[in-house]
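Structural characterization, general
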Amino acid sequence: LGVDPTNVVMVGDDVVGDIKGALEAGLGGAMLVQTGKYTDRDELGNKTDGVLPTLTLRSIVEAVDCICFCVEKGTTTTT
């Protein structure tokens, strides 16, 4: 697609499978959504391998809203 990986954001519900993978791949950000596989306080548990999401949001809708807001403002989810 010709997109720089630092301009890509992963949205996922699994701290290790989604968030860790995205950050290790060099993506610009990784948003954890508290739906699907997510269980309460996953990002704070022992199974995270020290991984911290860029943002934690309640839903995919909030994640999309955040991404759209950042695109409109010409900023990133990490600033």
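Quantities reported herein were computed from a predicted structural model and do not represent experimental measurements.

**Here's the deal with the overall build of the protein**
Secondary structure summary: the protein contains 2 helices and 3 strands in total. Counting helices and strands in the order they occur from the N terminus, the protein gives β-α-β-β-α. A compact globule built from 79 residues should have a C-alpha radius of gyration of about 12 Å, and the protein, at 12 Å, falls within 12% of that. Each principal axis of the C-alpha distribution contributes one length, and for the protein these read about 35 × 25 × 20 Å. When burial is assessed residue by residue, the protein has 30% of its 79 residues classed as buried. Within the protein, residue pairs in contact and separated by at least 24 positions form 41% of the contacts whose partners lie at least 6 positions apart. When the accessible area of the protein is evaluated, it comes to approximately 5000 Å², of which 55% is carbon and sulfur surface. Here the protein contributes 6 positive and 12 negative side-chain charges, whose respective centroids are spaced 4 Å apart.

**Details of the nonpolar core**
Val15, Ile19, Ala22, Ala30, Leu32, Tyr38 and Val51 form the largest nonpolar core, which has 7 residues in total. Here this core takes 3 residues from helix H1 (residues 15–24), the largest share from any one element. Residues in contact with alanine 30, not counting those within four places in the same chain, are Val9, Met10, Ile19, Ala22, Leu23, Pro53, Thr54 and Leu55. Residues Met31, Leu57, Ala63 and Cys66 belong to the second largest nonpolar core, which totals 6 residues.

**Regarding the environment of leucine 55**
Within the secondary structure, leucine 55 sits in strand S3 (residues 55–57). Separated by 25 residues in sequence, leucine 55 and alanine 30 have C-alpha atoms that sit 6.9 Å apart.

**Structural notes on the environment of valine 61**
Among the secondary structure elements, valine 61 is positioned in helix H2 (residues 60–73). Sequence-wise, valine 61 and valine 33 are 28 residues apart; in three dimensions their C-alpha atoms are separated by 9.3 Å.

**Details of the environment of aspartate 14**
Relative to the assigned elements, aspartate 14 resides in the loop between strand S1 (9–12) and H1. Taking relative accessible area as the criterion, aspartate 14 reaches 18% and is therefore assigned buried. C-alpha separation for the pair aspartate 14 and lysine 37, spaced 23 residues apart in sequence, amounts to 6.2 Å. Sequence-distant contacts of aspartate 14, that is, excluding residues within four places in its chain, are made with Ile19, Leu32 and Lys37. Among the polar contacts listed, one links the side chain of aspartate 14 to the backbone nitrogen of valine 16, at a separation of 3.1 Å.

What counts and what doesn't
- Residues numbered from 1 in each chain as written.
- Predicted model: local features only at pLDDT ≥ 70, side-chain atom pairs only at ≥ 80, totals over all residues.
- Heavy atoms only, no water.
- Helix = DSSP H or I, 4+ residues; strand = E, 2+ residues; numbered from the N terminus.
- Rg over C-alpha atoms; globule rule 2.2 N^0.38 Å.
- Buried < 20%, exposed > 50% of the residue type's maximum accessible area, 1.4 Å probe, protein only.
- Contact = heavy atoms within 4.5 Å.
- Areas by Shrake-Rupley, 256 points an atom, 1.4 Å probe, with all protein chains shown as cover.
- Lys, Arg positive; Asp, Glu negative; His and termini not counted.
- Charge placed at Lys NZ, Arg CZ, Asp CG, Glu CD.
- Core = buried A, V, L, I, M, F, W, Y, C linked by side-chain atoms within 4.5 Å.
- Polar contact = N/O pair within 3.5 Å; in protein donor to acceptor, adjacent residues only side chain to side chain.

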